[in-house]
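Read off the chains here:
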Amino acid sequence: MGSTRYDMDARFDRARKMGYASKSAGEIFTQNAKRKAHESMNPNGISFREARDSSVHPNSFPIILGLDVTGSMGHIPYNLIQEGLPKLMGGIIQGGVPDAALLFMGIGDHECDNYPLQVGQFESGDEELDMWLTRTYIESGGGGNAGESYLLAWYFTAFHTRTDAFEKRNQKGLLFTIGDEPCLKTLPASAIREIMGAGQQTFTHTELLAEARKKYEVYHISVLHSEQAIRADRGWKELLGQHCVSITDYRDVPYVVKEIVCKTYKEAGYGNREGWGEIQIL
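All figures in this text were calculated on a predicted structure; none of them were measured in a lab.

Undergrad: Looking at this model, I keep getting lost on the overall build of the protein chain. Mind explaining?
TA: Broken down by element type, the protein chain carries 11 helices and 10 strands. Compactness check: the protein chain gives a C-alpha radius of gyration of 18 Å against a globular reference of 19 Å for 282 residues, within 12% of the reference. Once the C-alpha set of the protein chain is aligned to its principal axes, its extents read approximately 45 × 40 × 40 Å. Long-range pairs, those at least 24 residues apart, make up 79% of the contacts in the protein chain between residues at least 6 apart in sequence. For the protein chain, the accessible area works out to roughly 12,200 Å², and carbon and sulfur atoms hold 46% of it. Of the charged side chains in the protein chain, 30 are positive and 37 negative, and the gap between their average positions amounts to 2 Å.

Undergrad: For this particular structure, what's the right way to read the nonpolar core?
TA: The nonpolar side chains of soluble globular proteins are, as a tendency, buried together. Residues L65, L85, L102, F104, F176, I178 and V261 are the most contacted members of the largest nonpolar core, which totals 42 residues. At the level of elements, β2 (61–68), α4 (75–94), β3 (100–107), α5 (126–135), β6 (173–179), β9 (216–223), β10 (244–247) and α11 (253–267) are the ones that each hand at least two residues to this core. Apart from residues no more than four positions distant in its own chain, I178 is found in contact with L65, G66, L67, D68, M73, I76, Y150, H220, I221, V223 and V253. The next biggest cluster of nonpolar side chains, apart from the first, holds 34 residues, and it includes F122, A153, Y155 and L187.

Undergrad: Sorry if this is basic, but what is going on with the packing of aromatic side chains here?
TA: Here a ring pair, both rings aromatic, is described through the centre-centre distance and the interplanar angle of the planes. Enumeration according to the criterion identifies eight aromatic pairs in this entry. Taking 5.3 Å as the distance between ring centres and 80° as the angle between the ring planes, the aromatic pair formed by F61 and Y265 counts as edge-to-face. Pair noted here: F61 is in strand β2 and Y265 is in helix α11, with a separation of 204 residues, a long-range link. Residue classification places F61 among the buried residues on the basis of a relative accessible area of 1%. Put simply, the rings of Y150, W154 and W236 touch in pairs and so form one group of aromatic residues. Cation over ring: R162 sits above F48, and NZ or CZ is 3.7 Å from the ring centre.

Undergrad: Where do I start with the packing of helix α6 (residues 150–160) against helix α9 (residues 205–212) in this structure?
TA: Where α6 meets α9, the closest approach of the two axes is 8 Å, and the angle between their N-to-C directions is 40°. Comparing the axis directions of α6 and α9 gives the class oblique. Like other packed secondary-structure pairs, α6 and α9 cross with a definite hand, here left-handed. Listed contacts from α9 to L151, W154, Y155, A158 and F159 of α6 are H205, L208, L209, E211 and A212. Among the residues forming the contact of α6 with α9, the class breakdown is eight nonpolar, one polar and one charged.

Undergrad: How should I be thinking about the sheet that holds strand β4 (residues 117–119) in this particular structure?
TA: Either a parallel or an antiparallel arrangement is found when strands of a sheet pair, and the pairing is made through backbone hydrogen bonds. The six strands lie next to each other as β4-β3-β2-β6-β9-β10, forming an open sheet whose pairing is mixed. Each having just a single partner strand, β4 and β10 make up the two edges of the open sheet. Between one strand axis and the next, the sheet turns through 20° on average, direction left out of account. Of the strands in this sheet, β2, β3, β4, β6 and β9 touch α6, which is tilted by about 160° from β6.

Undergrad: Help me understand the pairing of β9, please; the structure alone is not making it clear to me.
TA: In regular strands, side chains alternate between the two faces of the sheet. Counting buried positions along β9 yields seven of eight residues, so the element is predominantly enclosed. Relative to β9, β6 is paired through seven bridges, and the arrangement is parallel. Within the sheet, the bridge partner assigned to L175 lies in β9 and is V218. Bridge count between β9 and β10: four bridges; the pairing is parallel. Looking at the pairing, S222 lines up with S246 of β10.

Undergrad: I keep staring at helix α8 (residues 189–196) and nothing clicks. Help me out?
TA: Each α-helix turn comprises 3.6 residues. Residues three or four places apart therefore point the same way. For α8, the set of buried residues is A189, A191, I192, I195 and M196. Looking straight down α8, one finds that the buried residues subtend no more than 155° of arc, so they occupy a single side. On its buried face, α8 sits against β4, α6, β7 (186–187) and β8 (203–204). At the exit of α8 stands G197, carrying a positive phi of roughly 95°.

Undergrad: How do you make sense of unusual backbone geometry when you look at a structure like this?
TA: Excluding glycine, residues mostly carry a negative phi; peptide bonds, for their part, are mostly trans. Phi at R35 takes a positive value of approximately 60°, unusual for a residue other than glycine. Relative to the helices and strands, R35 resides in the loop between α3 (31–34) and β1 (49–51).

What counts and how
- Residues numbered from 1 in each chain as written.
- Predicted model: local features only at pLDDT ≥ 70, side-chain atom pairs only at ≥ 80, totals over all residues.
- Heavy atoms only, no water.
- Helix = DSSP H or I, 4+ residues; strand = E, 2+ residues; numbered from the N terminus.
- Rg over C-alpha atoms; globule rule 2.2 N^0.38 Å.
- Contact = heavy atoms within 4.5 Å.
- Areas by Shrake-Rupley, 256 points an atom, 1.4 Å probe, with all protein chains shown as cover.
- Lys, Arg positive; Asp, Glu negative; His and termini not counted.
- Charge placed at Lys NZ, Arg CZ, Asp CG, Glu CD.
- Core = buried A, V, L, I, M, F, W, Y, C linked by side-chain atoms within 4.5 Å.
- Buried < 20%, exposed > 50% of the residue type's maximum accessible area, 1.4 Å probe, protein only.
- Phe/Tyr/Trp six-rings, centres within 6.5 Å; stacked < 30°, edge-to-face > 60°.
- Lys NZ or Arg CZ within 6 Å of the ring centre and 35° of its normal.
- Axes fitted to C-alpha atoms, helices over the stretch in contact; angles between N-to-C directions.
- Parallel < 35°, antiparallel > 145°, perpendicular 65-115°, else oblique.
- Left-handed = near helix turned anticlockwise from the far one by under 90°.
- Nonpolar A, V, L, I, M, F, W, Y, C, P; charged D, E, K, R; others polar.
- Pairing = 2+ DSSP bridges.
- Arc of directions from axis to C-beta.

Take it as geometry only, folks, not as evidence of what the structure does.
So this is what it looks like as structure tokens:
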């Protein structure tokens, strides 16, 4: 994991051969037809996902993208595979972050969905990142329970990831959740056992946020495409403050993530700070 480079030319050629620009989401995300998560992304029994240094990436910088894959948000993974992911990775590299290691999560609703959490691996190469992204099952579920399970991303990140950035350099990674609903407030021990295979403690969302923040800077990208999403955004801003970033166009997700990644990396002292000012999101 993380031992290959992101090659824009190779990615362009593969996208053309695979027909990413013309194929439907169902043709690209093949787990959708199977109506089940890919076995490799099932978190049950996973001890840790690890972002480690390598000769190719000696200063690995972990980034987690938690993608809401419920009914109203499934178009974001589709946009990422069509054009957003190369924009994101290319922008990060050009912005002076050479050793980014990116992990995809699929987030649903632990009260309603069959697969409320899917987890890839930390990767840096174009082929590997495309593989994990397209393995994601866009369940298109969710329910009328006034929220989604973004707190599952915080749980997994807090207790089931290990990174050289934090262990060797005391450097926090970045965790982004992306969605249009409020965060569910409780993660019962019973749900954790069902999803992970083991779990004895019930957590509140604020407890899990605090745990995730020990090793990651936690952001939420709020997609304001409905009145309900605007109402949810108010709650996110109360919870995260400036770490809730609001957008009206979901196609801005790669730009927002890239800007935050590069700014955080520079301000942490891992590159030349000259010329870096405040990020302008909107």
